[in-house]
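Analysis of the macromolecular model
So you can see what is in the structure, the chains are spelled out below.
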Amino acid sequence: MSKSTIIQTVWDLAAPIAEEIGVSIWDVRFEKEGASWFLRILIDKEGGADINACEAMSRAIDPLLDEADPIPQSYYLEVWSAGMNRPLERDFHFTQNLGGKVTVGLFTPWTPGGEKEPVCILKEYRGKTIVVTDSEGADHELTLSELRFVRRYDEMPF
């Protein structure tokens, strides 16, 4: 089974459980680190997913994964909060954050000596490109493949 098939199968198993316990799936990742594989389910909810939500999701999904057995090798299951400054990678990540602040990881700054990780407003999402407005009010059309990352930007609450 391919990695993308595993991720989609796990997402399909996890989504109804997430809805039942009052969270949403932000992402599912199946990653190898060293000799070990990790199945990571990132969850979100209004106000942020806390440790109790992560534990509830983990306990609920674990027996379903055992029963469905979508992953041929051994792995570690981890359920995490998506976090405040989470990466935007999927279509719905971008559409949900239109009009919000994002940090854009540039390889080359817009101005000499400029910032490589400016905070901007996500103005448009067009599949493979985004349009952001920088702090000076200028719009920039950026191809996602030419960026290091795009992350949601949330100011620290303290």
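If you're wondering where the values come from, they're calculated on a predicted model, not measured in any experiment.

Definitions and limits used
- Residues numbered from 1 in each chain as written.
- Predicted model: local features only at pLDDT ≥ 70, side-chain atom pairs only at ≥ 80, totals over all residues.
- Heavy atoms only, no water.
- Pairing = 2+ DSSP bridges.
- Helix = DSSP H or I, 4+ residues; strand = E, 2+ residues; numbered from the N terminus.
- Polar contact = N/O pair within 3.5 Å; in protein donor to acceptor, adjacent residues only side chain to side chain.
- Contact = heavy atoms within 4.5 Å.

1. Notes on the pairing of strand β1 (residues 24-33)
In this structure, β1 lies alongside strand β2 (residues 36-44), joined through nine bridges in antiparallel fashion. By the bridge assignment for β2, phenylalanine 30 is matched with leucine 39. Joining the antiparallel neighbours β1 and β2 is a turn of two residues, in which glycine 34 adopts a positive phi near 65°.

2. Overview of the side chain of arginine 152
Looking at where arginine 152 falls in the secondary structure, it is placed in strand β8 (residues 149-152). In terms of polar contacts, arginine 152 uses its side chain to reach the backbone carbonyl oxygen of methionine 84, at 3.3 Å. Of note is the side chain of arginine 152, whose polar atom sits 3.0 Å from the side chain of aspartate 154. The contacts of arginine 152, once residues within four sequence positions are left out, are Gly83, Met84, Asn85, Arg86, Leu88, Asn97, Lys101 and Val102.

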